[in-house]
Amino acid sequence: MTDIAIRLRGVAKSFGGMRILNDINIDIEKGSVHALVGENGAGKSSVGKIIGGYYSADEGVVEVFGEAVTRFSPRDALGRGIAMIHQELQLVPELTVLENVFLGLESNTAGFLRKGDLARFHALEETCDFGLNPHSRIADMRIAERQKVEIMRAIAREARVIIMDEPTSSLTEDEAERLHQLIARLKARDVTVIYVSHFLDHILANCDRVTIMRDGKVIRTDAIAGETKNSLVDSMLGEASEISWPTLPPRPAEQATPIVEMENVATATGLSDITLKIFPGEIVGLIGLVGSGRSEVARALFGADPIVSGRYAIGGVVQSRRLKVPRAIAQGIAFVPEDRRKQGLVLTQTTRPNISLASLGNISRHGFINHGLERSRARKMIDHFGIVPSAIDGKVAFYSGGNQQKVLLSKWAVEKPRLLILDEPSRGVDIGARQSIHEFIIEMAENGVAVLLISSELEEVINLSHRGYLMSDGRIFAETDCRDTTVDEALHRIFEEQGAVSRGKEVTQP
Ligand SMILES: Nc1ncnc2c1ncn2[C@@H]1O[C@H](COP(=O)(O)OP(=O)(O)OP(=O)(O)O)[C@@H](O)[C@H]1O
Ligand SMILES: [Mg+2]
């Protein structure tokens, strides 16, 4: 029996004269987990948005459970049981988890939460098993937690088709595994999941069928059973390719003065006893699970969170505990944060000023921006990373997720910093772009820049770093030479440490 939940026939879509989707034909079987893969900008999110009612097709037909729909809004889509979890999360930061999960539901038309909502939340929590506190404010939560709230929102709406656009992009392997178990439970209840991701391992392990897209077209749709990572990548790129890690330049000799040095640093954000050094030309990884304090170390180095005790020196100069971001930037510290929407890009602007934003001091004279120089630098980075669209004045807000990430990275690359901190630099980017980001990191190190790398993908940190600090529970508990560390070893040490920590501590929170 092949019951079709969603059928696209000859769907096309243009924006401002640019064709972004061409003759899209896809059948998505009811109760299946259907993957969409393709390079950045291939059109995956746009297909999701057409199914979810966010974009309307210019041509072609969308059928939902056998019925053709025309011009339907996200609300209409929801009425037909379709919910979309966006790549760029869309929660209301000022509200709590509970409010975000239930507001806007039919039963809450007045805009107020009802008495039964807390009970309903707990029932949902039984299904989802996310361990979320219903009263936490979204603004105070990490991106991984927010992603879980989005997923709960869709489930609360009793969706029968859920489009998940990069759902695991900020989850740890363990959290991703739990999401996949949840997807299996949804599937058992005949829910259809459309799963967009760049993690091919996750796709191979959890999806039934896959549609591969390139340049706004469907290349093919097939059963996952016959696929491998390489077969997917070959179709995505349209050529045979190898997935490989670049060769690191030799680890630089320890010099007298590290670029940055922390001694027994503690912060109000929960770090304690952080002691680290990074030398010029060295790539140092922070190895730990989400929540272990890696991003907090990055923020402290960047002057974004005050230091409450300990010593922090940049280039041998001891910093005030009230070090502020502009002062850190002035001393050559650059930071590409984890959450590009909130902290990185000015979405209302075009590519060019977004790229030059961080280095204005160097391209402006007497308060005037040297537009020629600004343009040529932006051009160089667009070519280097293959940013699409390649127009210097493209509106960043409309770029695909991966291309926004590349713009963000370029912003710091135009100026050679002394320390470049990268928090999840390759999240959401495709394989080709990932490799150009890796090459870029190595090029920076070869030019004497110190690099601090954070990635939830342990394989990435370990393969790209000279040295690593192992973190757990806001502390660095060990240092390791990454050249003779394996992912398995690192994971084991982290879990062992976590076990030791929780055994040695009073449990205060349920
Ligand atoms: N609202 C819009 N206005 C203009 N262009 C758009 C809009 N939405 C999408 N596009 C363009 O359509 C193309 C496909 O984008 P889409 O977001 O679907 O890619 P994607 O496959 O999801 O990529 P990624 O892996 O980077 O998320 C891109 O070139 C993008 O710039
Ligand atoms: Mg996308």
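Numbers given to residues run from 1 along each chain, matching the order in which its sequence is written. Each chain takes a letter, starting from A, and each ligand takes a number, starting from 1, following the order in which they are written. With the structure being a predicted model, the display of local features is reserved for residues of pLDDT at least 70 and the display and counting of side-chain atom pairs for 80 or more, all residues being used for whole-chain, interface and lining totals. No hydrogens and no water enter the side-chain calculation; it runs on all heavy atoms of the structure.

Within an unreviewed UniProt entry, the label attached to the protein reads Ribose import ATP-binding protein RbsA, and the organism entered is Martelella mediterranea DSM 17316. UniProt positions are given in the numbering used here, feature names are shortened, and annotations may be inferred rather than shown by experiment. UniProt's Sequence similarities (unreviewed entry) comment on the protein is quoted here verbatim: "Belongs to the ABC transporter superfamily."

K.L.:
Can you help me understand the pairing of strand β12 (residues 274-278) in this one?
P.N.:
On any regular strand, side chains alternate: one points to one face of the sheet, the next to the other face. Residues Ile274, Leu276 and Ile278 of β12 are buried on one face, while the alternating residues Thr275 and Lys277, pointing to the opposite face, are not. Two strands pair when backbone bridges link them, and strand β11 (residues 260-267) and β12 are joined in this way by 4 bridges, in the antiparallel orientation. In the strand pairing of β12, Met262 is matched with Leu276. Two strands pair if DSSP finds at least two bridges between them. Helical segments are the DSSP runs of H or I of at least four residues, strand segments are the runs of E of at least two, and each set is numbered from the N terminus. The loop that links β11 with its antiparallel partner β12 comprises 6 residues; one of these, Gly270, has a positive phi angle of about 105°. Exposure classes here rest on a 1.4 Å probe applied to the protein chains alone. A residue is buried below 20% of its type maximum, exposed above 50%, and partly exposed in between.

K.L.:
I tried to follow the nonpolar core on my own but got confused; where do I start?
P.N.:
Side chains of nonpolar character tend, in soluble globular proteins, to be buried together. Membership of the largest hydrophobic core comes to 46 residues, with the highest contact counts inside it found for Val101, Ile162 and Ile203. For this core, the element with the most residues is helix α5 (residues 143-156), which contributes 7 residues. Setting aside anything within four residues of it in sequence, one finds Ile162 in contact with Ala83, Ile85, Ala154, Ile155, Leu186, Val191, Thr192, Val193 and Ile194. By nonpolar core we mean a set of buried residues, namely Ala, Val, Leu, Ile, Met, Phe, Trp, Tyr and Cys, connected to one another through side-chain atoms within 4.5 Å. Counting residues in hydrophobic clusters, the runner-up holds 39 residues, among them Ile387, Ile392, Val407 and Leu420. A contact between two residues is defined here by any heavy atoms of the two lying within 4.5 Å.

K.L.:
Explain the pattern of salt bridges here, please?
P.N.:
Two side chains of opposite charge can pair, provided their charged atoms sit close to one another. Salt bridges are identified by distance alone: a Lys or Arg side-chain nitrogen within 4 Å of an Asp or Glu carboxyl oxygen. Counted under the stated rule, the structure contains 27 salt bridges. Ionic pairing is found between Asp190 and Lys30, a salt bridge with its closest N-O pair at 3.7 Å. Remark: Lys30 occurs in the loop between β2 (18-29) and β3 (33-37) and Asp190 occurs in the loop between α6 (173-188) and β8 (192-196); sequence separation between them is 160 residues. For Asp190, a relative accessible area of 40% corresponds to the partly exposed category. Take Lys30: its relative accessible area is 28%, and that puts it in the partly exposed class. In this structure, a network of salt bridges that share partners links the residues Arg251, Glu282, Arg467, Glu479, Asp481 and Arg483.

K.L.:
Explanation requested: the site of ligand 1 in the structure shown.
P.N.:
Near, as used in this document, describes a residue that has one of its heavy atoms within 4 Å of the molecule or strand being considered. Taken together, 19 residues sit near ligand 1, with Gly41, Lys44, Ser46, Tyr55 and Ser400 positioned nearest. Nitrogen and oxygen atoms within 3.5 Å of one another constitute a polar contact, given that in protein one can donate a hydrogen and the other can accept it, and given that sequence-neighbouring residues count only through two side-chain atoms. Between His198 and ligand 1, the recorded distance is 2.9 Å, taken from a side-chain N or O atom to an oxygen atom. About the coverage of ligand 1: the protein hides 89% of its 640 Å² of free accessible area. Listed by contribution, the elements that provide at least two residues to the shell around ligand 1 are α1 (44-51) and α15 (401-413). No other element matches α1, which puts 3 residues into the shell around ligand 1. Method for areas: the Shrake-Rupley scheme with a 1.4 Å probe, in which residue coverage is limited to the protein chains shown.

K.L.:
Would you take a moment to explain the side chain of Asn100 for this structure?
P.N.:
By the secondary structure assignment, Asn100 is in helix α3 (residues 97-102). Sequence-distant contacts of Asn100, defined by excluding residues within four places in its chain, comprise Leu91, Val92, Leu95, Ile138, Val149 and Arg153.

K.L.:
Whenever I open this one, the packing of aromatic side chains confuses me. Can you help?
P.N.:
Centre distance and the angle of the planes are the two values used to describe a pair of aromatic rings. The aromatic pairing rule takes the rings of Phe, Tyr and Trp, using the six-membered ring of Trp, and pairs them if the centres are within 6.5 Å, calling planes under 30 degrees apart stacked, those over 60 edge-to-face and the rest tilted. Applying the stated rule across the entire model yields 2 aromatic pairs. With a centroid separation of 5.0 Å and 70° between ring planes, the pair formed by Phe15 and Tyr55 is classed as edge-to-face. Taken together, the positions of Phe15 in strand β1 (residues 4-15) and Tyr55 in the loop between α1 and β4 (59-64) put the pair 40 residues apart, joining distant regions of the chain. The exposure class assigned to Phe15 is partly exposed, which follows from its relative accessible area of 37%. As a reminder, the over-ring test applies to NZ of lysine and CZ of arginine, requiring each to be within 6 Å of the ring centre and within 35 degrees of the ring normal. When the ring centre of Phe15 is taken as origin, the NZ or CZ atom of Lys13, which lies over that ring, is 5.1 Å away.

K.L.:
Got a minute to help me understand the sheet that holds strand β10 (residues 217-223) in this structure?
P.N.:
One key point about sheets: their strands pair by backbone hydrogen bonds, in either a parallel or an antiparallel sense. The strand order β6-β7-β8-β3-β9-β10 describes an open sheet built from 6 strands, whose pairing is mixed. The open sheet has two edge strands with one neighbour each: β6 (82-85) and β10. Going across the sheet, the axis of each strand differs from the next one's by a mean of 15°, ignoring polarity. In terms of strand pairing, β3 meets β8 through 4 bridges, oriented parallel. If you follow Leu36 over to β8, its bridge partner there is Val196. As a rule, the C-alpha atoms of each element are fitted with a line to give its axis, helices using only the stretch in contact, and angles between N-to-C directions run from 0 to 180 degrees.

K.L.:
Just checking my understanding: could you explain unusual backbone geometry for this structure?
P.N.:
Backbone phi values are negative for most residues with the exception of glycine, while trans is the configuration of most peptide bonds. In this chain, Val388 is followed by Pro389 through a cis amide linkage whose omega measures 0°. Following the sequence through the fold, Pro389 ends up in the loop between α14 (371-385) and α15. In this structure, Asp129 is a non-glycine residue whose phi angle is positive, near 60°. Here Asp129 is to be found in the loop between α4 (117-128) and α5.

K.L.:
Mind showing me how you'd approach the sheet that holds strand β15 (residues 317-318) here?
P.N.:
With respect to topology, 4 strands assemble into an open sheet ordered β12-β11-β14-β15, the strand pairing being antiparallel. The open sheet is flanked by β12 and β15, the only strands paired with a single partner. Examined bridge by bridge, strand β14 (residues 307-314) and β15 share 2 bridges and lie antiparallel to one another. Note on β15: the bridge partner recorded for Ala313 is Val318. Lying over the sheet, helix α9 (residues 294-301) contacts β11, β12 and β14, oriented at roughly 115° with respect to β11.

K.L.:
Explanation requested: the pairing of strand β21 (residues 467-472) in the structure shown.
P.N.:
Across the 6 residues of β21, 6 count as buried, placing the element largely inside the fold. Residue alternation in β21 divides its side chains into two sets, Arg467, Tyr469 and Met471 and Gly468, Leu470 and Ser472, and both sets are buried. Examined bridge by bridge, strand β13 (residues 283-287) and β21 share 4 bridges and lie parallel to one another. Each bridged residue has a counterpart across the sheet, and for Leu286 the counterpart in β21 is Tyr469. Between β21 and strand β22 (residues 475-481), which pair antiparallel one after the other, the connecting turn spans 2 residues, and Asp473 there sits at a positive phi close to 55°.

K.L.:
I tried to follow the side chain of Ser436 on my own but got confused; where do I start?
P.N.:
Residue placement: Ser436 occurs in helix α16 (residues 431-446). Overall, Ser436 belongs to the buried group, its relative accessible area being 12%. Those residues in contact with Ser436, other than ones at most four positions away along the chain, are His384 and Phe385.

K.L.:
Just checking my understanding: could you explain the packing of α4 against α5 for this structure?
P.N.:
Packing of α4 against α5 leaves a shortest axis separation of 11 Å and a crossing angle of 110°. Taken together, α4 and α5 sit at an angle that is classed as roughly perpendicular. Between α4 and α5, the residues in contact are Phe121, Leu124, Glu125 and Cys128 and Met152, Ile155 and Ala156, respectively. Note that Gly is not counted as nonpolar here; it falls among the polar residues with everything else outside the nonpolar set of Ala, Val, Leu, Ile, Met, Phe, Trp, Tyr, Cys and Pro and the charged set of Asp, Glu, Lys and Arg. For the contact of α4 with α5, the per-class residue count stands at 6 nonpolar, no polar and 1 charged. Any angle that is under 35 degrees is reported as roughly parallel, and any over 145 degrees as roughly antiparallel; angles of 65 to 115 degrees are reported as roughly perpendicular and all others as oblique.

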